[in-house]
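Listed here are the chains, written in short residue letters.
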Amino acid sequence: MQRRPTWAIAAVIAAAAMVQAQAPQTPPVVSPEVSAQRTITFRLTAPKAETVELQGGDLPGLTRGVLPMVKGASGVWEGTSPVVPAGAYRYRFMVNGVAAMDPRNPLMSESNTNGWSLVVVPGAAWVDAGQVPHGAVAAVTYYSKSLSRNRRMHIYTPPGYELGKGKFPIFYLLHGASDCDDSWTSVGRAGFILDNLIAAGTAKPMIVVMPAGHTSTTMGPRAAGGRDEFTDDFMTDIMPYVESHYRILKGRQNRALAGLSMGGGQTMNIGMAHLDQFGYIGVFSSGVFGRGPRTAGATAPAIPPEWETERAAMLDNAKLKPGLKVLWFATGKEDFLLGTTKATIEMLKKHGFDPVFKETDGGHTWLNWRDYLNEFAPKLFR
């Protein structure tokens, strides 16, 4: 084989470099781009696409959650949101009707059935990643004996936990039906919210456990005596695992439980069946799921009578009520589960409880649930 002379190779490289230098340089596409006014511009290079639109999840100001996008001369589709509150938002592109994540954005958030791109809009100190000591969030795999398979949960440990000193109270925080165990720390910003509260001295340092709420059964009313798979996993596997692998303070007074939507229903199922084990209970945009309409302003759905029957020993035990330091509900005025929340509160009052209920603006959205966590966490372990 005849080898090309060194001078010839150098000439080819020089010629290629000259061509590259003369070629027009296309700037990289930036997406998402957050402005100082808190609008978000999304871009996608898809010159052969016929239609592109953005599905914005909780992004306010969109019609049916959709942001139209316009194709530019370079084949880049672009769309800009209205001004949005500071926080975190999931989104994805629909390209010719096919869902796609943003290839220019490495941030993502998992849900129950798929992944979403994630954009963080700064501007609220309580939810931003501020210049404060930060805790750590770990994805922990454990084997569930009750479900006969490996499961995953996310666990937040407060700043300084890694130094190996001290014990901490524990807060179990449950996600909703569309979400998974990643959701509270990604779109929910739970780790940063706790970091900021702890740094400000308004919340106690605590361990926060965020388990996977979905099992092989669906959430909702079940036949009397039917198996509640998540409760079995929670009581048999999750709690024993966490409380044997982490430095925690023992006792009801050092244990809290809260959840949103489906997780709020699970909170009621577990908390009111094991009231002797929890001193703090929070229910966000939820209650006891019953049969009936679930639209804002609709007649409250009926709570299944077996729900109360199965938990009667705890619901009517007067000795347990003083140890329940906080029983706190919050739901938006436009939330389709507002009737469920109110029906649950009335049922609890009938059994001698004195729940606190906060009716807020807004609906069934992370815009509310981050706020609720920020308000609920400082009430714990006081």
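Residues numbered from 1 in each chain as written. Predicted model: local features only at pLDDT ≥ 70, side-chain atom pairs only at ≥ 80, totals over all residues. Heavy atoms only, no water.

Trainee: What's the story with the confidence of the model for the protein in this structure? I'm lost.
Mentor: Of all residues in the protein, 87% attain a pLDDT of 70 or more, and the chain-wide mean is 90. Below pLDDT 50 for its whole length, residues 7–24 participates in three contacts with residues either more than four positions away or in separate chains. Low confidence marks residues 220–224, where pLDDT is under 50. Its contacts with residues over four positions away, or in another chain, come to 13 contacts. (pLDDT = per-residue confidence, 0-100. Contact = heavy atoms within 4.5 Å.)

Trainee: Could you clarify how one ought to interpret the packing of aromatic side chains in this entry?
Mentor: The description of an aromatic ring pair rests on the distance of the ring centres and on the angle between the ring planes. Taken as a whole and assessed by the stated rule, the structure comprises 18 aromatic pairs. With a centroid separation of 5.8 Å and an interplanar angle of 65°, the aromatic rings of Phe 284 and Tyr 372 are classed as edge-to-face. Separated by 88 residues along the polypeptide, Phe 284 in strand E16 (residues 280–284) and Tyr 372 in helix H8 (residues 366–376) bring together distant segments of the chain. According to the relative accessible area criterion, Tyr 372 is buried, its value standing at 2%. Each ring, one from Trp 328 and one from Tyr 372, has its centre 6.3 Å from the other, and the planes form 75°; the classification is edge-to-face. Of this pair, Trp 328 sits in strand E17 (residues 326–332) while Tyr 372 is found in helix H8, placing the two residues 44 residues apart along the sequence. What links up through ring pairs into an aromatic cluster is the set Phe 171, Trp 184, Phe 284, Trp 328, Trp 366, Trp 369, Tyr 372 and Phe 376. Sitting above the plane of the Trp 116 ring, Arg 92 keeps its charged end 4.7 Å from the centroid. Seen from the ring of Phe 353, Lys 321 lies directly overhead, with NZ or CZ sitting 4.4 Å from the centre. (Phe/Tyr/Trp six-rings, centres within 6.5 Å; stacked < 30°, edge-to-face > 60°. Helix = DSSP H or I, 4+ residues; strand = E, 2+ residues; numbered from the N terminus. Buried < 20%, exposed > 50% of the residue type's maximum accessible area, 1.4 Å probe, protein only. Lys NZ or Arg CZ within 6 Å of the ring centre and 35° of its normal.)

Trainee: I would appreciate a short explanation of the sheet that holds strand E14 (residues 207–211) in the present structure.
Mentor: Strands belonging to one sheet form pairs held by backbone hydrogen bonds; the direction of such a pair is parallel or antiparallel. Taken together, the eight strands give an open sheet; going across it, the order is E11-E12-E14-E13-E15-E16-E17-E18, and neighbouring strands pair in mixed fashion. The strands lining the two open edges of the sheet, one partner per strand, are strand E11 (136–144) and strand E18 (356–360). The average undirected angle you get between the axes of adjacent strands in this sheet is 20°. In the sheet, strand E15 (residues 255–260) pairs with E16 via five bridges, with the strands oriented parallel. Bridge assignment links Leu 257 to a residue of E16, and that residue is Ile 281. (Pairing = 2+ DSSP bridges. Axes fitted to C-alpha atoms, helices over the stretch in contact; angles between N-to-C directions.)

Trainee: Please clarify how the side chain of Arg 255 should be interpreted in this entry.
Mentor: Tracing the sequence through the fold places Arg 255 in strand E15. We classify Arg 255 as buried; its relative accessible area is 8%. Looking at Arg 255, its side chain comes within polar contact range of the main-chain oxygen of Gln 277, at 2.8 Å. Apart from the residues lying within four places of it in its own chain, the contact partners of Arg 255 are Ile 170, Tyr 172, Met 239, Glu 243, Gln 277, Phe 278, Gly 279, Tyr 280 and Phe 381. (Polar contact = N/O pair within 3.5 Å; in protein donor to acceptor, adjacent residues only side chain to side chain.)

Trainee: Which parts of the structure should I look at to understand the packing of helix H2 (residues 190–200) against H8?
Mentor: Here H2 crosses H8 at 30°, and the two axes come no closer than 10 Å. In this structure, H2 meets H8 at a crossing whose hand is right-handed. Where H2 abuts H8, its residues Ala 190, Ile 193, Leu 194 and Leu 197 lie against Arg 370, Leu 373 and Asn 374. (Left-handed = near helix turned anticlockwise from the far one by under 90°.)

Trainee: I tried to follow the nonpolar core on my own but got confused; where do I start?
Mentor: The tendency in soluble globular proteins is for nonpolar side chains to be buried side by side. Counting 41 residues, the largest nonpolar core has Tyr 172, Phe 234 and Met 272 as its most contacted members. For this core, the leading source of residues is helix H3 (residues 229–245), giving six residues. When residues no more than four places from it in sequence are discounted, the contact partners of Met 272 are Thr 267, Ile 281, Trp 307, Arg 311, Met 314, Leu 315, Leu 327, Leu 348 and Phe 353. Residues Tyr 280, Val 326, Leu 380 and Phe 381 belong to the second largest nonpolar core, which totals 35 residues. (Core = buried A, V, L, I, M, F, W, Y, C linked by side-chain atoms within 4.5 Å.)

Trainee: When you look at the pattern of salt bridges in this model, what are you seeing that I'm missing?
Mentor: Two side chains that carry opposite charge are able to pair once their charged atoms sit near each other. This model, assessed by the stated rule, comprises 15 salt bridges. Here Glu 78 makes a salt bridge to Arg 43, at a shortest N to O gap of 2.9 Å. Here the residue Glu 78 occupies a position in strand E6 (residues 76–80), and Arg 43 occupies one in strand E2 (residues 40–45), the gap between them amounting to 35 residues. Looking at Glu 78, the relative accessible area reads 37%, which means it is partly exposed. A salt bridge links Glu 308 to Lys 350; the nearest nitrogen and oxygen atoms lie 3.1 Å apart. Pair noted here: Glu 308 is in helix H5 (residues 305–310) and Lys 350 is in helix H7 (residues 338–350), with a separation of 42 residues, a long-range link. Note on Glu 308: relative accessible area 16%, which makes it buried. The structure contains a network of salt bridges with shared partners spanning Glu 33, Arg 43 and Glu 78. (Salt bridge = Lys/Arg side-chain N within 4 Å of Asp/Glu carboxyl O.)

Trainee: It is not clear to me how the pairing of E11 should be interpreted in this structure. Could you clarify?
Mentor: Two faces, one strand: in a regular strand the side chains alternate between the faces of the sheet. Two elements, E11 and strand E12 (residues 149–157), share nine bridges in a ladder whose sense is antiparallel. Note on E12: the bridge partner recorded for Val 137 is Tyr 156. From the end of E11 to the start of E12, which pair antiparallel, there are four residues, and Ser 148 there has a positive phi angle of about 60°.

Trainee: Honestly, the packing of H3 against helix H4 (residues 262–271) in this entry has me stumped. Any pointers?
Mentor: Describing two packed helices takes the angle between their axes plus the distance from one axis to the other. Between H3 and H4, the shortest axis-to-axis distance is 10 Å and the interhelical angle comes to 60°. Considering how the two elements wind past one another, H3 and H4 form a crossing that is right-handed. Across the interface between the two elements, Phe 230, Thr 231, Phe 234 and Met 235 from H3 touch Gln 266, Asn 269 and Ile 270 from H4. For the contact of H3 with H4, a count of residues per class yields four nonpolar, three polar and no charged. (Nonpolar A, V, L, I, M, F, W, Y, C, P; charged D, E, K, R; others polar.)

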